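# Coordinates in review
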Amino acid sequence: MSRAGAFDFWSTAGVAFDLSGAIALASLALWLWPKRARFEEAGGSVVAALFLTAAWCVTAAAAATAQAPMLASLAESIRNLAWLVVIYRLFAGDGRHSSLAPIRPVIFALVFVGLLHIGMTLALSYLSVQRGLANLGFEIEVMLRLLVTVGGLVLVHNLYAGAPRELRPGLRWPTIGLAILWSFDLNLYTVAYLARSWPSEIAALRGAAGLALAACLAIAASRGRDELRLKPSRAVTFQTFSLLVIGVYLVAMVAVAQWLSYAGGNFARLIEMAFLTFASAIALVVLPSRRVRSWLKVILAKHFFQHRYDYREEWLRFTRTIGRNDDETSPLGERVVQSVADITDSPAGLLLTPGEQGELTLAARWNWPDIEVPAAACPPEMLVPFEQAGYIADLDDVREGAVPANLDLRVPEWLLAERRAWAMVPLVHYDRLVGMVVLARPAMARKFDWEDFDLLRVIGQQLASYLAENASQEALAETSRFEDFHRRIAFVMHDIKNLASQFSLLARNAELHADKPEFRADMLVTLRNSSDKLNALLARLSRYGAGAVDRLETVSAAEVARTVTARFNGNPQVVLSDVKDLAVMANFHSLEQVLVHLVQNGLDASRAESPVFLSLAADGLFARFEVVDAGSGMSAEFVRHRLFKPFVSTKSGGFGIGAFEARELVKGMKGRLEVESREGLGSRFVVRIPLAATTEIFLNSTSQDQKVA
C-alpha cells in the first residue's frame with residue numbers, strides 16, 4: 001500500500017471512530033438529562049461534558065477531512081476543562097473538596113494550563129512563524145497537553161482511592177471512563193513528543209476512547225451497575241501489572257535513549273548503545289528477582305483488592321498441599337510447614353511438636369537444612385501463651401520488645417539469634433498445642449495485620465486436627481501391631497517356659513544320679529548356663545511394652561561403661577573417653593543392654609575407620625552417658641516418627657524393637673533417652689540415669705512425709 005493509500009485508510013478510520021463516538025456521547029447526554037440526579041451534584045456537569053466531548057469528536061472528524069486542526073485543538077481543550085469541572089463536582093459530592101486542600105490548587109493549575117494552551121493555539125494559528133519556531137511551538141503544545149493529561153489522571157486516582165468505601169461503587173465507572181480517555185491521550189502525546197511529529201495512525205483511534213467513556217458512564221447511570229463490577233483475579237492483576245511495568249520501563253528507556261542521541265554530540269550513538277546495554281542488564285537482574293515480585297504482590301494486594309487474600313484460592317492450594325498423595329509426596333510434617341509458608345510467601349520453615357516431657361522437639365524441616373535446632377527446642381513453660389491464647393508471634397517484634405504487656409511471652413534464644421526466623425504459628429487442637437510452625441523470613445517481609453492473624457489461626461486449627469488425627473491413626477496401628485506381636489509371642493513364651501522347666505529338671509536329676517564327677521560337673525555347668533539364658537530371654541520377652549526392669553540397685557556407672565567397651569573388645573572403633581566414677585540407681589544388665597544396643601547401632605551406621613565414642617559425666621542430678629558417632633545420621637522425620645516405633649527397622653531381617661526396648665528400659669530406670677542426629681553428619685544418643693544419692697534423698701524424704709501423715 002502506498003503512503004497516500006495508507007493515509008486515506010487511517011483518515012477514513014479516524015472519521016468513522018470520531019463520528020461513532022460523537023453519536024454515542026450525544027445520545028448518552030440526551031438519555032442522561034432526565035436521570036442526571038443519579039450523579040447527584042455533578043449530574044449537570046456530566047451532561048454538559050458529554051455534549052462538549054461529542055462536539056470535540058465532530059471537530060476531530062472535520063479536522064481530519066478538511067485538514068483544519070485548530071478547531072479540534074480548541075475543542076479538546078474545552079473538553080478537558082469540562083471534565084475537570086466534573087471531577088471537582090464529584091469531589092464536592094462527599095465534601096472532600098473542602099477537607100483536601102491540595103485539590104483546588106491542582107484543578108486551578110490545570111485549568112490555567114488549559115487556558116494557556118487555548119491562547120497558544122489561537123496565537124499560532126493567526127501568526128506567521130518560521131519552521132523552526134513552529135516545531136518549538138509544537139513541542140510546547142504537546143508538553144502542555146501532557147501536563148493536563150497527567151494531572152487529570154492523578155485527580156481521577158485520588159478521587160476513587162480516597163473515597164469512603166461506601167461511595168466507591170458510584171465512582172468506579174466514571175473514573176474508569178476518564179482514565180481510559182486520558183490514558184489514551186497520554187500515550188498519544190508521548191509518542192508525538194518522542195517522534196517530533198503527529199502520529200496520525202494512533203490519533204485515528206481517539207474516537208474509540210470516546211466510545212469507551214460513553215459505555216462506562218452508561219453503566220454508571222444504570223441500575224445494574226453493581227452486577228457489572230470488574231473482579232479480576234489476583235493472578236491476572238499481577239500479570240497485567242507486570243506487563244504494564246515492563247511497558248513503562250521500555251518507554252522510559254526509549255525516551256532516555258532518544259534524549260541521549262540529541263545531547264551526546266559526536267558520541268551520541270556510542271552513548272545511546274552503552275545506556276541501552278546497561279539498562280537491559282539491570283532489567284535482567286532486577287525484574288525477575290523474588291524481592292521485586294513479592295513487592296509487586298504486596299502493592300497490588302494493598303491497593304487493588306478489598307482483602308489481602310483470595311480465600312478461595314488459598315483454601316484450594318492448602319487442600320492440594322495437605323491432600324497430595326503420589327509417589328513424590330513429602331512427609332506430612334513437611335507438607336504442614338509448606339501449607340503455612342505458602343500463605344506468607346515464606347521460603348522455608350520448621351515443624352516443632354511436643355515431646356515426652358512436654359517440650360517442643362524438631363519434627364520436620366522444609367527447605368531449611370542449615371538451621372541448628374536443639375534437642376529440646378522449646379521448654380514447656382514457654383508454651384503457655386501459644387496454647388491458651390493461640391498467640392502468633394512476630395519474632396521481629398519480640399526482638400524489639402514490642403509484645404503485649406499482659407502476655408508472658410518468652411521465645412528460645414536460638415530462635416531469636418537466628419535472623420531468618422520470622423514468625424511462630426501455633427497449631428492448637430481443642431485447647432491443646434499439637435505443634436508449632438516456625439516460618440523463615442520472606443523476600444518482602446511485612447508486619448502482620450488482622451487478616452493475616454485470622455487466616456493463620458484458622459489454618460493452624462485445621463492443621464492441628466490433621467496432626468491429631470494422624471497421631472491417633474498411628475497409635476491405633478501400633479496397638480494393632482502390639483496385639484499381633486503379643487499373640488505370636490505367647491506361643492513362643494509357652495514353649496520356652498516348658499523347655500526351661502525341662503532343663504531345670506534335668507539338672508536336678510543329674511545332681512542325684514550322675515556317676516562320674518567330671519561328667520556331672522560339666523553337665524551341670526552346661527545345663528545351668530542354658531537354663532539361665534532361657535530364663536533371661538523369657539524375662540526380656542515379658543518386659544516388651546511394659547518398660548519394667550527386674551530391680552533397681554546402686555550400680556557403678558563407670559563399671560557399666562567399661563563392661564560395654566569390653567563387649568566390643570578387639571574393635572578399635574569403640575572408644576571409651578572421659579569416664580567419671582559415679583553411682584547410679586539402675587539395673588546393671590538392663591543399662592548394659594541399652595548401651596550395647598546404642599554402640600552397635602553407631603558401628604552399623606559408621607564407616608570402618610570412623611570411631612564411636614562412649615563417655616560418662618555428671619549432669620546435675622543425673623549421670624549422662626553419651627554415644628556419639630559420625631555415621632550416616634538420620635532425618636528429623638525418621639527420628640520423630642520411626643526410630644522409637646516398634647517393628648520399624650532399617651536392617652535386613654531386623655525386628656525393629658531394639659531402639660524401642662532401649663527407651664522402655666531407660667524409662668523403667670527413671671531416666672531419659674534423647675537423640676540428636678543430622679543426615680550425613682552423625683548421631684548423638686544421651687542416656688540420663690538418676691544418681692544413687694539423689695534417689696536415696698528422694699526415698700528418705702518420701703518415707704518421712706508418710707510417717708508424718
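Here is what the cut-offs are and how they apply
Residues numbered from 1 in each chain as written. Predicted model: local features only at pLDDT ≥ 70, side-chain atom pairs only at ≥ 80, totals over all residues. Heavy atoms only, no water. Helix = DSSP H or I, 4+ residues; strand = E, 2+ residues; numbered from the N terminus. Buried < 20%, exposed > 50% of the residue type's maximum accessible area, 1.4 Å probe, protein only. Contact = heavy atoms within 4.5 Å. Pairing = 2+ DSSP bridges. Axes fitted to C-alpha atoms, helices over the stretch in contact; angles between N-to-C directions. Parallel < 35°, antiparallel > 145°, perpendicular 65-115°, else oblique. Left-handed = near helix turned anticlockwise from the far one by under 90°. Nonpolar A, V, L, I, M, F, W, Y, C, P; charged D, E, K, R; others polar. Polar contact = N/O pair within 3.5 Å; in protein donor to acceptor, adjacent residues only side chain to side chain. Salt bridge = Lys/Arg side-chain N within 4 Å of Asp/Glu carboxyl O. Core = buried A, V, L, I, M, F, W, Y, C linked by side-chain atoms within 4.5 Å. Phe/Tyr/Trp six-rings, centres within 6.5 Å; stacked < 30°, edge-to-face > 60°. Lys NZ or Arg CZ within 6 Å of the ring centre and 35° of its normal. Arc of directions from axis to C-beta. pLDDT = per-residue confidence, 0-100.

### Concerning the overall build of the chain
In terms of regular secondary structure, the chain is built from 24 helices and twelve strands. Counting all 709 residues of the chain, 41% fall into the buried class. Of the contacts made within the chain by residues no fewer than 6 positions apart, 68% connect residues no fewer than 24 positions apart.

### Structural notes on the pairing of strand β5 (residues 432-440)
Most of β5 sits out of view: eight of its nine residues are buried. Both strand β1 (residues 349-354) and β5 contribute to a ladder of four bridges, which runs antiparallel. When the sheet's bridge partners are listed, Gly-349 is paired in β5 with Leu-439. Pairing of strand β4 (residues 421-429) with β5, which is carried by eight bridges, proceeds in the antiparallel orientation. Paired with Ala-421 across the strands is Ala-440, a residue of β5. The hairpin formed by β4 and β5 contains two residues between the paired strands, and Tyr-430 there has a positive phi angle of roughly 55°.

### With respect to the packing of helix α13 (residues 311-323) against helix α14 (residues 332-344)
The interhelical angle for the contact between α13 and α14, taken along N-to-C directions, is 160°, at an axis separation of 9 Å. Put simply, α13 runs roughly antiparallel to α14. Where α13 crosses over α14, the two elements pack in a sense that is right-handed. Along the contact surface, α13 presents Glu-314, Arg-317, Phe-318, Thr-321, Ile-322 and Gly-323, while α14 presents Arg-335, Val-336, Gln-338, Ser-339, Asp-342 and Ile-343. Its residues assigned to classes, the contact of α13 with α14 shows four nonpolar, four polar and four charged.

### Digging into the side chain of Ser-339
Topologically, Ser-339 is positioned in helix α14. Here the side chain of Ser-339 touches Val-336 through a polar contact of 2.7 Å, landing on its backbone oxygen. What Ser-339 contacts, discounting residues up to four positions off in sequence, is Phe-318, Thr-321, Ile-322 and Leu-463.

### Considerations on the pattern of salt bridges
Scanning the entire structure with this criterion turns up 22 salt bridges. A salt bridge links Arg-206 to Asp-185; the nearest nitrogen and oxygen atoms lie 3.0 Å apart. Taken as a pair, Arg-206 in helix α9 (residues 206-221) and Asp-185 in helix α7 (residues 168-195) lie far apart in primary sequence, 21 residues in all. Of the two residues, Arg-206 and Asp-185, both sit in the buried class. Among the salt bridges present, the one from Glu-314 reaches Arg-317, with a minimum N-O distance of 2.6 Å. Here Glu-314 pairs with Arg-317, and both are found in helix α13, just three residues apart, close to one helical turn. Judged by its relative accessible area of 16%, Glu-314 falls in the buried class.

### Brief notes about the sheet that holds strand β2 (residues 360-366)
On the basis of which strands lie adjacent, the open sheet formed by five strands has the order β2-β1-β5-β4-β3 and antiparallel pairing. Looking at strand neighbours, the two that pair on one side only are β2 and β3 (393-394), the edges of this open sheet. Together, β1, β2, β4 and β5 form the strand contacts of α14, whose direction differs from that of β2 by roughly 70°.

### Considering the nonpolar core
Counting 43 residues, the largest nonpolar core has Val-46, Leu-50, Trp-83 and Leu-217 as the members making the most contacts within it. Elements with a contribution of two residues or more to this core: α1 (3-32), α2 (43-66), α3 (69-93), α5 (103-126), α6 (131-161), α7 and α9. Examining the composition of this core, we find that ten residues originate from one element, α3, more than from any other. When residues no more than four places from it in sequence are discounted, the contact partners of Val-46 are Leu-32, Phe-39, Trp-83, Val-86 and Leu-217.

### Some words on the packing of aromatic side chains
Within a pair of aromatic rings, the relevant descriptors are the distance that separates the centres and the angle that separates the planes. Taken as a whole, this structure holds four aromatic pairs when the rule is applied. Their ring planes at 35° and their centres at 5.2 Å tell us that Trp-315 and Phe-318 sit as a pair that is tilted. With a gap of three residues between them, Trp-315 and Phe-318 both fall in helix α13, about one helical turn apart. Look at Trp-315 and you get partly exposed, because its relative accessible area is 40%. Ring geometry for Phe-448 against Phe-453: centres 5.8 Å apart, planes inclined by 40°, an arrangement best described as tilted. Taking the relative accessible area as the measure of exposure, Phe-453 reaches 24% and is therefore partly exposed. One aromatic cluster is present, built from ring pairs that chain together Trp-315, Phe-318 and Tyr-466. Lying over the aromatic face of Trp-56, Arg-79 brings its terminal NZ or CZ to 4.4 Å of the ring centre. Directly above the aromatic system of Phe-622 lies the positively charged group of Arg-672, at a separation of 5.5 Å from the ring centroid.

### Some remarks on helix α20 (residues 557-567)
Buried within α20 are the following residues: Ala-557, Ala-558, Val-560, Ala-561, Val-564 and Thr-565. Viewed end-on, α20 has its buried residues packed into an arc of 160°, placing them on one side of the element. Lining the buried residues of α20 we find β6 (553-556), β7 (574-579), β8 (583-586), α21 (588-605), β9 (612-619) and β10 (622-629).

### Observations concerning the confidence of the model for the chain
Residues of the chain with pLDDT of at least 70 account for 69%, and the chain-wide mean is 76. Confidence drops under a pLDDT of 50 for residues 1-7, and excluding neighbours within four residues, the segment shows two contacts in the predicted structure. Counting contacts from residues 224-231, a segment whose pLDDT is below 50, to residues more than four positions away or on other chains yields eleven contacts.

### Some thoughts on unusual backbone geometry
Non-glycine residue Asp-345 carries a positive phi angle of around 60°. Assignment of secondary structure puts Asp-345 in the loop between α14 and β1. Given a relative accessible area of 38%, Asp-345 falls into the partly exposed group. At Asn-367, a position not held by glycine, the phi torsion is positive, near 60°.

### Some details on the environment of Ala-55
Looking at the secondary structure, you find Ala-55 in helix α2. When its relative accessible area of 36% is taken as the criterion, Ala-55 is described as partly exposed.

### Side note on the sheet that holds β9
One open sheet holds the five strands; their spatial order is β7-β9-β10-β12-β11, and the pairing between them is mixed. Every interior strand has two partners, whereas the edge strands, β7 and β11 (672-678), have only one. Strand-to-strand twist in this sheet, taken as the mean axis angle between neighbours without regard to direction, amounts to 15°. Lying on the sheet, helix α23 (residues 658-668) is in contact with β11 and β12 (682-690); it crosses β11 at an angle near 140°.

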